[in-house]
Amino acid sequence: MFQKILIANRGEIACRVMRTARRMGIKTVAVYSEADALALHVREADEAVAIGPSAAAESYLKIDRIIEACRATGAEAVHPGYGFLSENQAFAKALDAAGIVFIGPNTHAIAAMGDKIESKKLAAAAGVSTVPGYLGVIPDAEAAVKIAAEVGYPVMIKASAGGGGKGMRLAHNDAEVLEGFRSATNEARSSFGDDRVFIEKYIVEPRHIEIQVLGDAHGHIVHLGERECSIQRRHQKVIEEAPSPFLDAETRAAMGAQAVALARAVDYRSAGTVEFIVDRDRNFYFLEMNTRLQVEHPVTELVTGLDLVELMIRVAAGEPLPFGQDDVTLTGSAIEARVYAEDPLRNFLPSIGRLTRYRPPTDEHVRVDTGVYEGAEISIHYDPMIAKLCTYGETRDLATRRMAAALDSFQIRGLNHNIGFLAALVTRPRFAEGRLSTDFIPTEFPDGFGGAVMSAEDLARVVAIAAVAHRRAVERDALIAARRHPPAIAAEWTVLVGRDAHPVNIVPEEPGYAVTLGGHTHLVQTDWQPGDALFEGKIDGHATTVQVDRVGTIWRLIRGGAAIELRVLTPRAAALAALMPVKTPPDLSRLLLSPMPGLLVSIAVAAGQDVKAGEELAVVEAMKMENVLRAVRDGRVAKIQANPGDSLAVDQVILEFEGAS
Ligand code: ADP
């Protein structure tokens, strides 16, 4: 076994690989860019080597620097994680030449699966069912239209070198093929330096279900069942789970057998994933094979009890797989939610900044893979993922409920995040029913995600909790003042939610408080003390978690991803407050503001131009992503206030519209 390995990655995956290495008694070496000097993966490694400036192209993607770091530290093997160099055959070859072991598959497998056209051909030859389509390179838009008509609409135009959802276009007719061919080709050229595209049938309402495979250098290949990753936003996975609520044992076995056949065809010896799309009738079609550890691998680990990183390291060191196909069993259900620094209310634009508070949930059924800590900064340079939150349950229902509870207690402050969006997803009835498909998000949120909404039931609970929290704070004050003034704590309070007044009566009643509002009395039990950020307790016997922030006289409570601000006042103060004028916030609706610090790439409109809602206004680049800013309503552009190439601050004015809204 290796004595020391280097992890050629950053963030949560670097930390996750190190955790296993440490358990196996293997020393770890981190590499880091300038921006990551204080990153968690650097802190957790036994040694760390600086490899260059913040831009990934200057550091994490520099093959020679990583090989130098191996030499300098004596690392015998490299785990590439996912992304960066994980599927780069030049990297695997360079390590080989330097006598360093690549903890991954052979270079031939990487090369064969790195290209969608080639891998589909190979899959078809190995007896794997592929999406019907045309497997040649399409020379021009006219040929594309002809081929699309032959394949039959709707079709998907795809970049052969594609990945990360880039270079993919759906087309329903000739006009869309013309446009889609052009834009997919352009995107493929600029993203991958390779503009070959092909066309395949678009599978309607598909599910994304993938098979985890594992091979060793002795010709053994097994599969570890599937993961369903149908909940996607723009072809990117948001929530994944194992097993799929859709597969029966027979389909699972058939998909597993095909995945193993494909892995065998390329002499696969590491962990890899064969992705399929599955239609309503459980027909399944090969999409692509990822020759690396997948982001969502933890759900497979939770239901199989295996450690995929350990197995990757062992097979890379030449050990045979310690079990066969019949030994693999799937127990229970696991769900993963990807927690991102992004703003779901502003079209999921990445959000950067410092994590002023970062407290992931801790519970025996919760697994959090994270690469950050409280006080750390999420920078513009890399993927804005904060953590992967996984829950396990004996049943899918239990895993789902644990996920909702875990999201309730996940505390993140200092930047925008998608916890509310994730909570909204996993609490949808359709999620509970397991009726998933890749259009889950657009069909469940046809007008976009407008923020988690609190149910009337939850609102009553939150009002009761605010009353209890306030009462506890008053009790504490009374205790401090007790020597001079005997405490007399009123029972009648008014909770103000905006302009809505909720009269509340609250009295101690063992073992908690009886809170009466809206004609109902709730029994609230809790150990919560003023200053605690998490209110954990029972309401009428049901475990309830609510996040509690207090800013001056305002209580800010978060539950189910929905935040609500309340004030708890004496009835007299509430009556007076009702007479106060409502402050109107400044009207910013006439301005297009930069939603984040970034580079203004382009402006699509000019002064005097009429724009329609949804039309592109400008493109801002941040975190390696181009973010298209669109008009939220119809209007006329009055003035352009920034120029392409400008470095924008958050909320900097890019352009102004005419007239007030
Ligand atoms: P990438 O490598 O860019 O991630 P994939 O080929 O893996 O691209 O596809 C990503 C997602 O796009 C799939 O999970 C699926 O949701 C959707 N998709 C891809 N091909 C098709 C198709 N032929 N029909 C329907 N959906 C598809």
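Thresholds, definitions, all that
- Residues numbered from 1 in each chain as written.
- Predicted model: local features only at pLDDT ≥ 70, side-chain atom pairs only at ≥ 80, totals over all residues.
- Heavy atoms only, no water.
- Helix = DSSP H or I, 4+ residues; strand = E, 2+ residues; numbered from the N terminus.
- Rg over C-alpha atoms; globule rule 2.2 N^0.38 Å.
- Buried < 20%, exposed > 50% of the residue type's maximum accessible area, 1.4 Å probe, protein only.
- Contact = heavy atoms within 4.5 Å.
- Areas by Shrake-Rupley, 256 points an atom, 1.4 Å probe, with all protein chains shown as cover.
- Pairing = 2+ DSSP bridges.
- Domains from an automatic or database assignment.
- Axes fitted to C-alpha atoms, helices over the stretch in contact; angles between N-to-C directions.
- Left-handed = near helix turned anticlockwise from the far one by under 90°.
- Nonpolar A, V, L, I, M, F, W, Y, C, P; charged D, E, K, R; others polar.
- Parallel < 35°, antiparallel > 145°, perpendicular 65-115°, else oblique.
- Near = heavy atom within 4 Å.
- Polar contact = N/O pair within 3.5 Å; in protein donor to acceptor, adjacent residues only side chain to side chain.
- Core = buried A, V, L, I, M, F, W, Y, C linked by side-chain atoms within 4.5 Å.

This part covers the overall build of the chain. In terms of regular secondary structure, the chain is built from 17 helices and 39 strands. In summary, the chain has a C-alpha radius of gyration of 27 Å against a globular reference of 26 Å for 661 residues, a match within 12%. Seen through its C-alpha atoms, the chain measures out along the principal axes to roughly 85 × 65 × 55 Å. Per-residue burial for the chain yields a buried fraction of 52% across its 661 residues. Taking the intrachain contacts of the chain between residues at least 6 apart in sequence as the baseline, contacts between residues at least 24 apart amount to 62%. Of the roughly 28600 Å² of accessible surface on the chain, a fraction of 51% belongs to carbon and sulfur atoms.

On the basis of which strands lie adjacent, the open sheet formed by four strands has the order S36-S35-S33-S38 and antiparallel pairing. Each end of this open sheet is capped by a strand with a single partner; those strands are strand S36 (625-630) and strand S38 (647-648). Looking at chain direction, strand S33 (residues 598-603) and strand S35 (residues 616-622) are connected through four bridges and run antiparallel. For Leu599, the partnering residue across the bridge sits in S35 and is Glu621.

Sheets are built from strands that pair by backbone hydrogen bonding, the pairs being arranged parallel or antiparallel. Strand order in the open sheet formed by four strands is S32-S39-S37-S34, and the pairing between neighbours is antiparallel. At either margin of the open sheet sits one strand with a lone partner, and together these are strand S32 (591-593) and strand S34 (610-611). With two bridges joining them, S34 and strand S37 (residues 635-640) adopt antiparallel strand pairing. Along S37, the bridge assignment pairs Asp610 with Arg636.

Before going further, it helps to examine the domain arrangement of the chain. Here the domain parsing of the chain yields domain 1 (4-103), domain 2 (132-201), domain 3 (207-444), domain 4 (456-577) and domain 5 (591-657). The centre of domain 4, based on its C-alpha atoms, is set 43 Å off from the matching centre of domain 5.

Take the packing of helix H3 (residues 63-73) against helix H4 (residues 89-97) next. Orientation of H3 relative to H4, taken along the N-to-C sense of each, is 35 degrees, at an axis distance of 10 Å. Of the two elements, H3 crosses H4, and the hand of that crossing is right-handed. Taken together, the residues of H4 that come into contact with H3 (itself represented by Ile63, Ile66 and Ile67) are Ala90, Phe91, Ala94 and Leu95. Tallied by class, the residues present in the contact of H3 with H4 amount to seven nonpolar, no polar and no charged.

The next point concerns the packing of helix H7 (residues 141-151) against helix H8 (residues 174-192). Where H7 contacts H8, the two axes come as close as 9 Å, and the packing angle between them is 135 degrees. Here H7 lies oblique to H8, going by the angle between them. Crossing handedness for the pair H7 and H8: right-handed. On H8, the residues that touch Ala141, Ala144, Val145 and Ala148 of H7 are Asp174, Val177, Leu178 and Phe181. Residues that form the contact of H7 with H8 fall into these classes: seven nonpolar, no polar and one charged.

Surveying the vicinity of the ligand reveals 23 residues, the closest of which are Lys116, Gly165, Lys201, His208 and Gln232. A distance of 2.9 Å is found between a nitrogen atom of the ligand and a side-chain nitrogen or oxygen belonging to Lys158. Computed on the free molecule, the ligand has an accessible area of 550 Å², of which 96% lies beneath the protein chains in the complex. Elements that contribute at least two residues to the shell around the ligand include exactly strand S7 (155-159), strand S9 (197-201), strand S13 (271-278) and strand S14 (284-290). Looking at the shell around the ligand residue by residue, the class counts come to eight nonpolar, eight polar and seven charged. Split by domain, the shell around the ligand shows at least three residues from each of two domains, domain 2 (132-201) and domain 3 (207-444).

Turning to the environment of Pro571, a few remarks are in order. One can find Pro571 in helix H17 (residues 571-579). You can call Pro571 partly exposed: its relative accessible area is 40%. Expressed as a C-alpha distance, the spacing of Pro571 and Pro503, which sit 68 residues apart in the sequence, is 7.7 Å. With residues near it in sequence (within four places) discarded, Pro571 still touches Glu492, Trp493 and Thr494.

A word on the nonpolar core. In terms of nonpolar packing, the biggest core is built from 41 residues, with Ile231, Ile239, Val339, Ile386, Ile412 and Leu425 touching the most fellow members. Counting residues per element, the ones that place at least two in this core are strand S12 (236-242), strand S15 (333-340), strand S22 (385-393), helix H12 (396-409), helix H13 (419-426) and helix H15 (440-444). Per element, the largest residue contribution to this core is seven residues, and it comes from H13. In this structure Ile239 touches Glu228, Cys229, Ile231, Ile335, Glu336, Ala337, Leu422, Leu425, Val426 and Phe431, once residues within four positions along its chain are discounted. Counting residues in each nonpolar core, the second largest holds 32 residues, with Phe2, Ala77, Val222 and Leu308 among its members.

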